[in-house]
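# Observations on chain architecture
Chain by chain, the residues run as shown.
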Amino acid sequence: MAHHHSPLDVLLSRASTDHLVEPPPKGDELRTILSAGLRAPDHGKMRPWRYTVIKGKHREAFADLVVEAMGRQEPDAPEAKKTKRHHRFANMPMIIALGMHLQPEGKIPVIEQEMAVAAGAMNVLNALHAAGFGGMWVTGPFCEDRVLLESLGLPEPHRLAGFLFVGTPAKHSDERKRPEIDDYMAVWKGDAITFAADAG
Ligand SMILES: Cc1cc2nc3c(=O)[nH]c(=O)nc-3n(C[C@H](O)[C@H](O)[C@H](O)COP(=O)(O)O)c2cc1C
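Position numbers for residues start from 1 in each chain and track the written sequence from start to end. In keeping with the predicted nature of the model, local features appear solely for residues at pLDDT of at least 70, side-chain atom pairs appear and are counted solely at 80 or more, and the whole-chain, interface and lining totals rest on all residues. The basis for the side-chain values is all heavy atoms of the structure; hydrogens and waters are excluded.

As annotated in an unreviewed UniProt entry, the protein chain is Putative NAD(P)H nitroreductase from Gluconobacter oxydans. UniProt positions are given in the numbering used here, feature names are shortened, and annotations may be inferred rather than shown by experiment. UniProt, in the comment section headed Sequence similarities (unreviewed entry), describes the protein chain in these words: "Belongs to the nitroreductase family."

### What about the pattern of salt bridges?
Note on definitions: salt bridges are taken to be side-chain nitrogens of Lys or Arg within 4 Å of carboxyl oxygens of Asp or Glu. Going through the model one piece at a time under the given rule, you end up with ten salt bridges. Here E144 and R159 are joined by a salt bridge, their closest N and O atoms 2.9 Å apart. Of this pair, E144 sits in the loop between strand 4 (134–138) and helix 6 (146–151) while R159 sits in strand 5 (residues 159–169), and the two are 15 residues apart along the sequence. For E144, a relative accessible area of 43% puts it in the partly exposed group. Whether a residue is buried, partly exposed or exposed follows from its accessible area with a 1.4 Å probe, protein chains only, as a fraction of its type maximum: under 20%, in between, or over 50%, in that order. Residue class for R159 comes out partly exposed when judged on its relative accessible area of 30%. Working definition: helices are DSSP H or I runs of at least four residues, strands are E runs of at least two. Numbering for both runs from the N terminus.

### Here's the deal with the UniProt feature "binding site: FMN" (unreviewed entry) in the protein chain
According to UniProt, the "binding site: FMN" (unreviewed entry) feature falls on R14, A15, S16, R39, H43, W137, V138 and T139. Look at the named residues: they lie 126 residues apart in sequence, and the longest C-alpha span between them is 27.8 Å, so in the fold they stay spread out. Relative to the assigned elements, S16 resides in the loop between helix 1 (7–13) and strand 1 (20–21). Relative accessible area serves as the criterion here: at 40%, S16 is assigned to the partly exposed category. When you line up the elements, H43 lands in the loop between helix 2 (27–37) and strand 2 (49–55). Contacts are assigned to residue pairs that have any heavy atoms within 4.5 Å of one another. Dropping the residues within four chain positions of it, H43 is found in contact with I108 and E112.

### A word on unusual backbone geometry
Across the junction of E22 and P23, the peptide omega takes the value -5°, indicating a cis bond. Structurally, P23 is set in the loop between strand 1 and helix 2. A cis geometry characterises the amide bond from E156 onward to P157, with omega recorded as 5°. With respect to the secondary-structure elements, P157 resides in the loop between helix 6 and strand 5. In this model, K45 sits at a positive phi of 50°, which is unusual for a non-glycine residue. Considering the arrangement of structural elements, one finds K45 in the loop between helix 2 and strand 2.

### A few points about the UniProt feature "domain: Nitroreductase" (unreviewed entry) in the protein chain
In the numbering used here, UniProt assigns the feature "domain: Nitroreductase" (unreviewed entry) to residues 14–167. The span residues 14–167 is 44% helix and 19% strand, and its two end C-alpha atoms sit 14 Å from each other.

### Description of the site of the ligand
Any residue with a heavy atom lying within 4 Å of a molecule or strand is counted as near it. Looking at the ligand, the residues that line it are R14, A15, S16, M136, W137, V138, T139, R176 and R178. Any pair of nitrogen or oxygen atoms within 3.5 Å is treated as a polar contact; in protein, a donor-acceptor pairing is required on top of that, and neighbouring residues in sequence qualify only through side-chain atoms on both sides. Taking S16, its side chain carries an N or O atom lying 2.5 Å from an oxygen atom of the ligand. In this structure, R178 approaches the ligand through a side-chain N or O atom, which is 2.7 Å from an oxygen atom. A total of 610 Å² of accessible area belongs to the ligand in isolation, and the protein chains cover 55% of it. Looking at the shell around the ligand residue by residue, the class counts come to four nonpolar, two polar and three charged. Residue burial considers only the protein chains on display, and all accessible areas are found by Shrake-Rupley using a 1.4 Å probe. Each residue gets one of three labels, nonpolar for Ala, Val, Leu, Ile, Met, Phe, Trp, Tyr, Cys and Pro, charged for Asp, Glu, Lys and Arg, and polar for the others, Gly among them.

### Side note on the pairing of strand 5
Judged by how many residues are buried, strand 5 sits mostly within the fold: nine of eleven residues are covered. Where strand 1 meets strand 5, two bridges bridge the pair, whose relative direction is antiparallel. Within strand 5, the position partnered with V21 by the bridge is T168. Pairing of strand 3 (residues 94–100) with strand 5 involves six bridges; the strand directions are antiparallel. If you follow A97 over to strand 5, its bridge partner there is F163. Relative to strand 5, strand 4 runs antiparallel, the two sharing five bridges. Looking at strand 5, one finds that G135 is bridged to V166. Whether two strands pair depends on DSSP finding at least two bridges between them.

This is the structure in structure tokens:
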């Protein structure tokens, strides 16, 4: 598919999906896709991206960790929610943890380091799509759990921007209507801007 679309078509046709089946990208193809993440703008060359790939037989144990983290972070979470979460993490073709290696002591504000990881995640989602794969970025209070973060090589002060669910999109996906660009852009002419998206 990548050969039949311009780069702009690729960007304009990306959509998230967690309806993912085998196979996920592997080996050099996965390394290439993650390399797109390292193309994100990165103020101060902080290189905050840390990708952990969770796949195959290790998904089950990782799903256990996620549900344990949920138990600590959301003690009132219903059992059904935990079971569902476990099932999702144990059955996704592949999961990529979006680690943020943060340096709060330096000159670059932590938010900028975090934004570099977010920009990298977007590049990875686009690269997945360009290569014929699919993905979806998910988070939850469990992403703050220190035990989970330690297992991902992210002790304090490092954090987690969430996870990418990764695989091959299941066949049909209905194109969702997207917002109109004219509601979200303006041309500054000296007066204060009101965006159409916010008017009325
Ligand atoms: C930081 C971040 C966290 C997200 N967490 C979740 C999540 O936990 N669950 C969820 O259903 N969608 C989550 N989303 C939204 C989906 O990734 C996705 O953007 C959304 O389903 C809309 O699809 P689209 O990307 O095709 O517009 C998150 C998005 C971002 C940027």
